[in-house]
Amino acid sequence: MPPSRFHAPGEREAPALPGVGEQLWLLGAALAASLAAIFWSARHHVFLLYGDAEAHLHIARRLFDSHRAGLGQLGSVWLPLPHLILAPFAAVDGWWRDGFAPVVPAALCYLVAVPGLYRLLRKWLEPLPSALSAALFAANPNLLYLQTTAMTEPLFLAELIWSVLLLVEWRGALDASAAKINSSLGARHLWPLTGVLVCAVATRYDGWILAFVAWLMMAITLLRRGGLFQRRFIAASFALLAAPVLWMVYNSVYFGDWLDFLRGPYSAKAIEMRTSSGVFPPHPGWHDPWVSTLFFWKASELDAFARGWGWVLLMFSVAGLLLLFARGRFDADHGNGGGRCVVPGLRWTLLLWFPLPFYAYSVSYGSVPIFLPVWWPHSWYNTRYGMEMLPGFAFAFGFAAERLLNATRQRTVVAVALGFMLVANLGEMLEQGPLVFVEGRRNYEARGYYNTAIGGVIARLHELDPRGLLLLDTSSFPTIVPRAGMTYRETLNESDKEFFRAALAAPAAHADMVLAFAGDEVAAAVRAHPDDLRLAQCFHSSGQADACLYISELSPLARGNAGGP
């Protein structure tokens, strides 16, 4: 087939769908990149750089490894699906202790996302520009690192891409069966699309907006065609609505407030109030949508392109977005006419860009700060949120590449030049340090000492009394427990509710060891009930609350450890 071009109305065909061999080559390349990233992360022990990654793994593990095992251990803020997916891998003790457990599900999400994006591109583009776009996405070093961690970005990016892909295919199925709208309703694509959207709702709160916008697009389309009240669509609508409602019911049953995820003690708003230190405004973009938009856009740029000349590739993607919109308008005007344009719904792919307004609002009014090293306050925080724009950048890049390739007879030269730019962008990002990875490393530098030092001391004490219990609050440093060679059943922690409260009332009587961080509930309990507690060792780390480890004089551990740890 000759290269696709912007033909006059009635002359343009959609490219042929990718063949099996084409898809296998793509999957093989993605698998090689994924395995290389996994090997690198394992060699450098960076699976759990982020505190959030530790926390996600902690939640997944405590679903079955706790005194109160069950769904109540999912917590009230983070949505449940990532932890439910992770739980079977966290059950493998060695994988949980060394942080490898998240690698398998995260890498699988990456391997699902890459062919999904390529399949979406191939609906309008030929293999060459589609491959260049897929390479911009799949070879992103930030994404390759994240797909070796417990962070939720790989899962949500896969859901975002497949939501848009299935939405476009659902729309195409409607157009193909317009004459029998009342009987078909694109049923073959409706339920897979609904399933992906439900998963997105159960993964991140961004997914709630994604699902609503997708549903609204579907509803408007059906309303115009007289099929809005079809039973299949009504059933799918109830399934989508049930996902957030069930989460609210869960919050009400387990935490006593159906909006605990929004206004509870661990919500984004509560965390911002605790960490703002009275600074006003608490972060750049607070109640300022314009500044919020700039910060999210800059984070997205730095996540996808190298600093410096990377803006050239960014502008290339923006140009592709304009071409995409113009071509989508042509499809809308002529797709149902006499032309041969057989792939409608190109403008629906603009849903890939929905994170831009979502995060502009979230930074402004949702207590979601973003700090960047290049702008005041010159720090790293939530830089990974910009990763959600990567599919949109990569998809639009393909349309600019197609236009450039078709504007010259030297297609090979242009293709090599574009490929060289992508390789150079990758190399420059690796040399500069991928922004998301650098944030994770700095995050770990603030916590790593406690994980190693405290975990080592507790491990030595635990060897003296393997049946001993440790009282601590795991919300800040959950990795101390596996580093100490213990399980969560061998601790009394905040997720155990009544066991934890009873231990706080008499620490020495309930626990053999007590780990208290300045300002937490355990430290307050030690001050209120110091009887029969002996200070074993204190720990200090810059930027972290001081920690003290106590031994109960009522424990066999005290008699066997009279000289200290």
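Since we're looking at a predicted model, the values are computed, not measured.

Comments concerning the overall build of the protein chain
For step 1, the next point in the chain: Scanning the protein chain for helices and strands turns up 24 helices and five strands.
For step 2, the next point in the chain: A fraction of 74% describes how many contacts in the protein chain between residues 6 or more apart in sequence connect residues 24 or more apart.
For step 3, the next point in the chain: In the structure as shown, the protein chain presents an accessible area of about 24,200 Å², 64% of it carried by carbon and sulfur atoms.

Notes on the packing of aromatic side chains
For step 1, the next point in the chain: According to the stated counting rule, one finds 32 aromatic pairs in the structure shown.
For step 2, the next point in the chain: Look at W40 and F437: their rings are 5.4 Å apart centre to centre, the planes differ by 70 degrees, and that puts the pair in the edge-to-face class. Within this pair, whereas W40 is found in helix 1 (residues 20-44), its partner F437 is found in helix 19 (residues 435-464), the two being separated by 397 residues in sequence.
For step 3, the next point in the chain: With a relative accessible area of 38%, W40 lands in the partly exposed category.
For step 4, the next point in the chain: Exposure remark for F437: the relative accessible area of 12% places this residue in the buried category.
For step 5, the next point in the chain: Here a set of aromatic residues connected by ring pairs shows up, and it is made of F296, F354, F358, Y359 and Y385.
For step 6, the next point in the chain: If you follow R61 out to its NZ or CZ, it ends over the ring of W96, 3.9 Å from the centre.
For step 7, the next point in the chain: Positioned above the aromatic ring of F156, the side-chain terminus of R204 is 5.8 Å from the ring centre.

Let's talk about the state of the cysteines
For step 1, the next point in the chain: Per the stated rule, a full pass over the model turns up one disulfide.
For step 2, the next point in the chain: Disulfide pairing is shown between C538 and C548; the S-S distance is 2.4 Å. As the torsion about the S-S bond is roughly 95 degrees, the C538-C548 disulfide counts as right-handed. Note that C538 is positioned in strand 4 (residues 533-539) and C548 in strand 5 (residues 547-552), a separation of ten residues in sequence.
For step 3, the next point in the chain: According to the relative accessible area criterion, C538 is partly exposed, its value standing at 43%.
For step 4, the next point in the chain: Counting only cysteine sulfurs, C199 is the nearest neighbor of C109, a cysteine outside any disulfide, at a range of 9.9 Å.

A short note on the pattern of salt bridges
For step 1, the next point in the chain: Considering all chains together, one arrives at 18 salt bridges under this definition.
For step 2, the next point in the chain: For R122, the salt bridge identified is with E22, shortest N-O distance 2.8 Å. In this pair, R122 is assigned in the loop between helix 5 (103-121) and helix 6 (127-138) and E22 in helix 1, connecting sequence segments 100 residues apart.
For step 3, the next point in the chain: Judged by relative accessible area, R122 falls into the buried class, the value being 3%.
For step 4, the next point in the chain: Here K298 ties to E301 by a salt bridge, and the two come within 3.5 Å at their closest N and O atoms.

A look at the sheet that holds strand 4
For step 1, the next point in the chain: The sheet built from five strands is open, its strands ordered 2-1-3-5-4 with mixed pairing. The outermost strands of the open sheet, each flanked by one partner alone, are strand 2 (491-492) and strand 4.
For step 2, the next point in the chain: For strand 1 (residues 470-471) and strand 3 (residues 513-517), the ladder comprises two bridges, and the chain directions are parallel. Bridging from a neighbouring strand, L471 pairs with V514 of strand 3.
For step 3, the next point in the chain: Seen against the sheet, helix 23 (residues 521-528) touches strand 1, strand 3, strand 4 and strand 5 and runs at an angle of roughly 115 degrees to strand 3.

Brief notes about the confidence of the model for the protein chain
For step 1, the next point in the chain: When the pLDDT values of the protein chain are averaged, the result is 89; 90% of them are 70 or greater.
For step 2, the next point in the chain: Low pLDDT, under 50, characterises residues 1-12; the stretch is placed with 31 contacts to residues that sit more than four places away or in other chains.
For step 3, the next point in the chain: Low pLDDT, under 50, characterises residues 336-342; the predicted model gives this stretch twelve contacts beyond four residues in sequence or across chains.

Structural notes on the nonpolar core
For step 1, the next point in the chain: Core analysis: the largest hydrophobic core is formed by 149 residues, its most contacted members being F137, F395, F397, I454, I458, L515 and L549.
For step 2, the next point in the chain: Considering every element that reaches this core, the biggest residue donor is helix 8 (residues 153-176), with 13 residues.
For step 3, the next point in the chain: If we ignore the near neighbours within four places in the chain, the residues touching F395 are L117, L120, L121, W124, S133, L324, L346, T349 and L352.
For step 4, the next point in the chain: Among the nonpolar cores identified, the runner-up in size contains 16 residues, and V514, V522, A525 and C548 belong to it.

Examining unusual backbone geometry
For step 1, the next point in the chain: Here the bond from W376 into P377 is cis, since omega is 10 degrees, no more than 30 degrees from zero.
For step 2, the next point in the chain: Position of P377 among the secondary structure elements: in the loop between helix 16 (355-365) and helix 17 (390-406).
For step 3, the next point in the chain: Not every positive phi belongs to a glycine, and H45 is a case in point at roughly 55 degrees.
For step 4, the next point in the chain: Looking at the secondary structure, you find H45 in the loop between helix 1 and helix 2 (51-62).

With respect to helix 16
For step 1, the next point in the chain: Burial in helix 16 covers these residues: P355, F358, Y359, A360, S362, V363 and S364.
For step 2, the next point in the chain: The elements touched by buried residues of helix 16 are helix 10 (206-225) and helix 14 (289-304).
For step 3, the next point in the chain: Note on helix 16: the residue one or two positions beyond its end, S367, has a positive phi of about 60 degrees.

A short note on the packing of helix 6 against helix 17
For step 1, the next point in the chain: Where helix 6 contacts helix 17, the two axes come as close as 8 Å, and the packing angle between them is 150 degrees. Classified by the interaxial angle, the pair formed by helix 6 and helix 17 is roughly antiparallel. The two elements helix 6 and helix 17 meet at a crossing, and its hand is right-handed. Between helix 6, through L128, P129, L132, S133, L136 and F137, and helix 17, the contact on the second element is made entirely by L390, P391, F393, A394, F395, F397, G398, A401, E402 and L405.
For step 2, the next point in the chain: In the contact of helix 6 with helix 17, the residues fall into 13 nonpolar, two polar and one charged.

Rules and cut-offs
- Residues numbered from 1 in each chain as written.
- Predicted model: local features only at pLDDT ≥ 70, side-chain atom pairs only at ≥ 80, totals over all residues.
- Heavy atoms only, no water.
- Helix = DSSP H or I, 4+ residues; strand = E, 2+ residues; numbered from the N terminus.
- Contact = heavy atoms within 4.5 Å.
- Areas by Shrake-Rupley, 256 points an atom, 1.4 Å probe, with all protein chains shown as cover.
- Phe/Tyr/Trp six-rings, centres within 6.5 Å; stacked < 30°, edge-to-face > 60°.
- Buried < 20%, exposed > 50% of the residue type's maximum accessible area, 1.4 Å probe, protein only.
- Lys NZ or Arg CZ within 6 Å of the ring centre and 35° of its normal.
- Disulfide = S-S within 2.5 Å.
- Salt bridge = Lys/Arg side-chain N within 4 Å of Asp/Glu carboxyl O.
- Pairing = 2+ DSSP bridges.
- Axes fitted to C-alpha atoms, helices over the stretch in contact; angles between N-to-C directions.
- pLDDT = per-residue confidence, 0-100.
- Core = buried A, V, L, I, M, F, W, Y, C linked by side-chain atoms within 4.5 Å.
- Parallel < 35°, antiparallel > 145°, perpendicular 65-115°, else oblique.
- Left-handed = near helix turned anticlockwise from the far one by under 90°.
- Nonpolar A, V, L, I, M, F, W, Y, C, P; charged D, E, K, R; others polar.

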